[in-house]
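Notes for the structure review
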Amino acid sequence: MAVFVALGAFLMTLAGGWTAQRVTDRRHLVLGLAGGLMLGVVGLDLLPEALHAAGRDVFGVPAALLLFVAGFLMAHLVERLLAARQAAHGGEERDHHRAPEVGLTAAAAMVGHSAMDGLAIGAAFQVGGGMGAAVALAVIAHDFADGFNTFTLTSLYGNARRKALAMLFADAVAPIAGAAASAFLIIPEPVLGGYLGLFGGALLYLAAAEILPEAHHEHPARSTLLCTVAGAAFIWLVVGISG
């Protein structure tokens with residue numbers, strides 16, 4: 001049943017990626033929407049879950065928040081190192097020194113997150129059908145945003161369309177693989193909370209430092225800002241409905 005339900009997540013992820021690639025003539029709106037979706041996912045979904053799951057404090061600060069900050073700094077450090085390496089090897093000036101590896105790494109993190117979603121579906125169904133249905137609804141609802149962001153992140157950093165499609169497909173398959181693995185694998189809740197905090201920090205860095213500035217760079221239009229607000233509001237709606 002968990003694997004069957006995960007097929008819904010598969011379809012929603014593909015739908016999100018398809019939407020992102022179909023509106024390339026409005027790139028600034030796509031990036032604005034992606035930034036809002038990522039902000040909503042981090043602030044309204046990932047971080048509350050991380051704080052709940054990680055539990056304990058470290059020197060008076062929740063472990064999830066420490067890992068959240070670490071994820072933000074890690075994403076910044078990795079991007080700077082890759083950009084410096086690209087410049088040292090005579091990399092081109094295009095794409096504002098963006099290294100394609102950053103986009104692929106970010107997309108791979110999205111794939112890992114989707115696999116965790118599949119594990120969550122499987123674990124919930126082990127508890128009971130009602131719990132499984134509730135978790136499945138939450139996962140399926142926000143997988144549209146996951147697919148949208150996976151394709152957008154991969155493309156933004158200059159990767160070829162085929163690589164963006166490959167990462168999108170991997171992200172779509174990941175919940176099914178996670179649901180199947182739930183029969184054999186159980187992740188301790190504190191470990192899951194720490195992972196969500198780390199991933200959330202990295203995702204927020206990409207949204208705040210890369211995607212949103214790029215969205216407003218050439219088209220500082222009110223419509224771009226509205227797309228960002230709409231993206232965050234959509235995640236709020238999804239969290240409210242699934243909660």
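Only a predicted model underlies this, so the values are computations on that prediction, with no experimental measurement involved.

Some remarks on the overall build of the chain
Along the chain, the regular secondary structure elements total eight helices and two strands. Reading the helices (α) and strands (β) of the chain from amino to carboxyl end gives α-α-β-β-α-α-α-α-α-α. Of all 243 residues assigned to the chain, the portion counted as buried reaches 42%. About 11,700 Å² of surface is accessible on the chain, with carbon and sulfur atoms providing 71% of the total.

Description of a nonpolar patch on the surface
A cluster of nonpolar side chains, Leu51, Val61, Leu65 and Leu66, forms an exposed patch at the surface whose accessible area comes to about 260 Å². Note on placement: valine 61 falls in strand S2 (residues 61-62).

Remarks on unusual backbone geometry
The backbone phi angle of phenylalanine 59 is positive, close to 50°, even though this residue is not glycine. Position of phenylalanine 59 relative to the elements: it lies in the loop between strand S1 (57-58) and S2.

Quick notes on the environment of valine 239
Mapped onto the fold, valine 239 is located in helix H8 (residues 222-242). Residues valine 239 and leucine 44, spaced 195 residues apart in sequence, show a C-alpha to C-alpha distance of 7.3 Å. When neighbours within four sequence positions are excluded, valine 239 is seen to be in contact with Leu44 and Asp45.

Conventions we followed
- Residues numbered from 1 in each chain as written.
- Predicted model: local features only at pLDDT ≥ 70, side-chain atom pairs only at ≥ 80, totals over all residues.
- Heavy atoms only, no water.
- Helix = DSSP H or I, 4+ residues; strand = E, 2+ residues; numbered from the N terminus.
- Buried < 20%, exposed > 50% of the residue type's maximum accessible area, 1.4 Å probe, protein only.
- Areas by Shrake-Rupley, 256 points an atom, 1.4 Å probe, with all protein chains shown as cover.
- Patch = residues over 30% accessible without salt bridge, like charges linked within 9 Å, V, L, I, M, F, W, Y side chains within 5 Å.
- Salt bridge = Lys/Arg side-chain N within 4 Å of Asp/Glu carboxyl O.
- Contact = heavy atoms within 4.5 Å.

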